[in-house]
Amino acid sequence: MTHFDVLIVGAGHAGAQTAAALRQQGFGGSIGMVGEEAELPYERPALSKEYLTGKKSFERMLLRDAAFWLDRRIQILPGRRVDAVDANAQSVTLDDASELRYGQLVWATGGYARRLQCTGHDLDGVHVVRTRRDVDALHSELGTASRVAIVGGGFIGLECAAAISAMGKRVVVLEAQERLLARVCGREISRFFEREHRQHSVDFRLSCTVERLQGQNGRVTGLLLSSGEEMEVDLLIVGVGIVAAVDALLAAGAKGENGVVVDRQGRTSLPNVFAVGDCALHENDFASVSPLRIESVQNANDMATHVAKVMMGESRPYHAVPWFWSNQYDLRLQTVGIAIGHDREVLRGDPTKRSFTAIYLKDEKVIALDCVNATTDYVQGRKLVLARTSADPRALADTSILLKDLVAE
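Reading the values: the criteria
Residues numbered from 1 in each chain as written. Predicted model: local features only at pLDDT ≥ 70, side-chain atom pairs only at ≥ 80, totals over all residues. Heavy atoms only, no water. Helix = DSSP H or I, 4+ residues; strand = E, 2+ residues; numbered from the N terminus. Rg over C-alpha atoms; globule rule 2.2 N^0.38 Å. Contact = heavy atoms within 4.5 Å. Areas by Shrake-Rupley, 256 points an atom, 1.4 Å probe, with all protein chains shown as cover. Lys, Arg positive; Asp, Glu negative; His and termini not counted. Charge placed at Lys NZ, Arg CZ, Asp CG, Glu CD. Buried < 20%, exposed > 50% of the residue type's maximum accessible area, 1.4 Å probe, protein only. Core = buried A, V, L, I, M, F, W, Y, C linked by side-chain atoms within 4.5 Å. Phe/Tyr/Trp six-rings, centres within 6.5 Å; stacked < 30°, edge-to-face > 60°. Lys NZ or Arg CZ within 6 Å of the ring centre and 35° of its normal. Expected span 1.5 Å × (residues − 1). Bend = angle between axes of the 7 residues up to and from the residue. Pairing = 2+ DSSP bridges. Axes fitted to C-alpha atoms, helices over the stretch in contact; angles between N-to-C directions. Salt bridge = Lys/Arg side-chain N within 4 Å of Asp/Glu carboxyl O.

Some words on the overall build of the chain
Part 1 of the argument: The helix and strand inventory of the chain stands at 10 helices and 24 strands.
Part 2 of the argument: Scaling as 2.2 N^0.38, a compact globule of 409 residues should have a C-alpha radius of gyration of about 22 Å, and the chain matches this with 22 Å.
Part 3 of the argument: Reported as C-alpha extents along the three principal axes, the dimensions of the chain are approximately 65 × 60 × 35 Å.
Part 4 of the argument: Put simply, 59% of the contacts in the chain that link residues at least 6 apart link residues at least 24 apart.
Part 5 of the argument: Entry remark: accessible area of the chain is about 18100 Å², with carbon and sulfur atoms responsible for 46%.
Part 6 of the argument: If the 47 positive side-chain charges of the chain are averaged to one point and the 52 negative ones to another, these points end up 3 Å apart.

Observations concerning the side chain of Ser296
Part 1 of the argument: Position of Ser296 among the secondary structure elements: in the loop between strand E19 (280-281) and helix H8 (297-311).
Part 2 of the argument: Judged by its relative accessible area of 9%, Ser296 falls in the buried class.

Quick look at the environment of Arg212
Part 1 of the argument: Note on placement: Arg212 falls in strand E12 (residues 210-216).
Part 2 of the argument: Assessed through its relative accessible area of 34%, Arg212 is described here as partly exposed.
Part 3 of the argument: Here the alpha-carbon distance between Arg212 and Ala408, two residues 196 residues apart in the chain, equals 54 Å.

So, the nonpolar core
Part 1 of the argument: If you look at the biggest cluster of nonpolar residues, it comprises 54 residues, and the most contacted ones within it are Val92, Leu105 and Trp107.
Part 2 of the argument: In this structure Val92 touches Leu7, Val82, Ala84, Val85, Ser98, Glu99, Leu100, Tyr102 and Leu105, once residues within four positions along its chain are discounted.
Part 3 of the argument: Counting 41 residues, the second largest nonpolar core, distinct from the first, contains Met61, Ile164, Leu235 and Phe356.

Quick notes on the packing of aromatic side chains
Part 1 of the argument: Going through the model one piece at a time under the given rule, you end up with seven aromatic pairs.
Part 2 of the argument: Relative to Phe58, the ring of Tyr42 has its centre 5.0 Å away and its plane inclined at 65 degrees; by these criteria the two rings are edge-to-face. With a gap of 16 residues between them, Tyr42 in the loop between strand E2 (31-34) and helix H2 (50-53) and Phe58 in the loop between H2 and helix H3 (66-71) connect regions that are remote in the sequence.
Part 3 of the argument: By relative accessible area, Tyr42 is classed as buried at 1%.
Part 4 of the argument: Arranged with centres 6.4 Å apart and planes meeting at 65 degrees, the rings of Tyr51 and Phe58 form a pair that is edge-to-face. For the pair Tyr51 and Phe58, a shared accessibility class is recorded, and that class is buried.
Part 5 of the argument: By the ring-pair criterion, three or more aromatic residues cluster together here, those being Tyr42, Tyr51 and Phe58.
Part 6 of the argument: Its end group placed over the ring of Phe286, Arg388 keeps NZ or CZ at 5.2 Å from the ring centre.

Overview of helix H9 (residues 375-387)
Part 1 of the argument: Between its terminal C-alpha atoms H9 stretches 19 Å, which fits the 18 Å expected from 13 residues at 1.5 Å a residue.
Part 2 of the argument: Its axis deflected by about 25 degrees at Gly381, H9 carries its strongest bend there.
Part 3 of the argument: For H9, every residue scored as buried is listed here: Asp377, Tyr378, Gln380, Gly381, Leu384 and Val385.
Part 4 of the argument: Tucked into the core, H9 has its buried residues touching strand E20 (323-328), strand E21 (331-337), strand E22 (344-350), strand E23 (355-362), strand E24 (365-372) and helix H10 (393-397).
Part 5 of the argument: Phi for Arg388, located one or two positions after H9, is positive at around 50 degrees.

Details of the sheet that holds strand E10 (residues 170-175)
Part 1 of the argument: On the basis of which strands lie adjacent, the open sheet formed by five strands has the order E8-E15-E9-E10-E11 and parallel pairing. At either margin of the open sheet sits one strand with a lone partner, and together these are strand E8 (126-128) and strand E11 (203-206). For this sheet, the mean inter-axis angle between neighbouring strands, taken without regard to orientation, is 20 degrees.
Part 2 of the argument: Across four bridges, strand E9 (residues 147-151) lies against strand E15 (residues 235-238) in parallel orientation. What sits directly across from Val151, in E15, is Val238.
Part 3 of the argument: Lying on the sheet, helix H4 (residues 132-142) is in contact with E8, E9 and E15; it crosses E8 at an angle near 140 degrees.

Describing the sheet that holds E20
Across a sheet, paired strands are connected by hydrogen bonds in the backbone, their directions being either parallel or antiparallel.
Part 1 of the argument: As summarised here, the arrangement of the five strands in space is E20-E21-E24-E23-E22, forming an open sheet in which the pairing is antiparallel. Either end of the sheet is taken by a strand with one partner, and the two such strands are E20 and E22. Recorded for the sheet is a direction-independent mean angle of 15 degrees between the axes of neighbouring strands.
Part 2 of the argument: The sheet contact formed by E23 and E24 spans seven bridges and is antiparallel. Along E24, the bridge assignment pairs Lys362 with Lys365.
Part 3 of the argument: Against the sheet, helix H6 (residues 187-199) touches E20, E21, E22, E23 and E24, its axis set at about 165 degrees to E21.

A few points about helix H1 (residues 13-24)
Part 1 of the argument: Over its 12 residues, H1 extends 16 Å from the first C-alpha to the last, a length consistent with the 16 Å expected when each residue adds 1.5 Å.
Part 2 of the argument: Taken across its 12 residues, H1 has 10 buried, putting it largely inside the fold.
Part 3 of the argument: Residues of H1 that are buried include every one of His13, Ala14, Gly15, Ala16, Thr18, Ala19, Ala20, Ala21, Leu22 and Arg23, and no others.
Part 4 of the argument: Those residues of H1 hidden inside the fold are in contact with strand E1 (2-9), E2, H3, strand E3 (74-77), strand E6 (99-107) and H8.
Part 5 of the argument: Directly beyond the C-terminal end of H1, a positive phi value near 95 degrees is found at Gly26.

Re the pattern of salt bridges
Part 1 of the argument: For the structure on display, the rule yields 26 salt bridges.
Part 2 of the argument: Close ionic contact of Arg219 with Glu141 constitutes a salt bridge, the shortest N to O distance being 2.7 Å. With a gap of 78 residues between them, Arg219 in strand E13 (residues 219-225) and Glu141 in helix H4 connect regions that are remote in the sequence.
Part 3 of the argument: Since its relative accessible area comes to 28%, Arg219 is described here as partly exposed.

In structure tokens form, the structure reads like this:
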């Protein structure tokens, strides 16, 4: 039975960064990384942006080339899935019934794209966007499709809408909430992006869900919405979030639900088992609701680096300000902090000029910013979030005042 001093389950951003950071920190033991996909670790954000549009090749999306992993003696086991964990024996069972032993285990599996459960959900022509294989399958059908429906008005849905509408397709976005991006952004950002997409001929149905998918010869041809409206489609994309891939870990006794609970060092409730990235339910100093999962490259990389340091003897708690970005058309949205739970929203700048910032406060303190084509605000506003600055909303809204001048000394 093969033994690794550190076994990493998951070969996405979090898993790859854990392995790289361990070597950077001077770890000399054996490292194995199990990944469900056949490819080397690659960047995910481009899947719904440049890779979908064909502007970026897959080779340019690789986080590191094969030589990097070989030179650092990091053994990647691609195309394999961990089906069971035995924390007492410190072993995992793979999908081919083979076993691996570990000294320490890092769970970095992220999640699976959430799918519809209504009648017709398994028809051909229904797609998700989570892996290279997903996007390759989607891209292969886009050429013959003219009417595309997207379920989900979050970032994945809107990024796909931007990319596909630019191909000349008729696109409609279906969102269960009353506004776009409702789970992550304030109303100013929601209104702005709805206007921008409509100007690019993207249509919307808000406050509605899909009741049933209709099809012919095993392929989707239409939708029945909760409003009673029927809609003809050639292709459907489902972008309604992820389900944390933690079943095997929870079955082994780890605490969690829709994620695995970790402490401030990234440890699960199982001995010698850590978790990082999208699947890790953790306390975050910059969130008003905890524990929570943060689905971002920043959090994956920062948690992975933190856990690598903990495994090398460091004991400081995880403390990293979340940040995120989204590219849609010629717009770049940069977010710092977590807006969930804010009780006041301050508009800085003019949305009609397509460069502005939404600043979120809770208990009079700045907790997050959404910056649209406003990089200076993003860079300077990060300091406001880090310092939990109390600031006069009138000063925050005044574009003649630099945000850096509002940071308490």
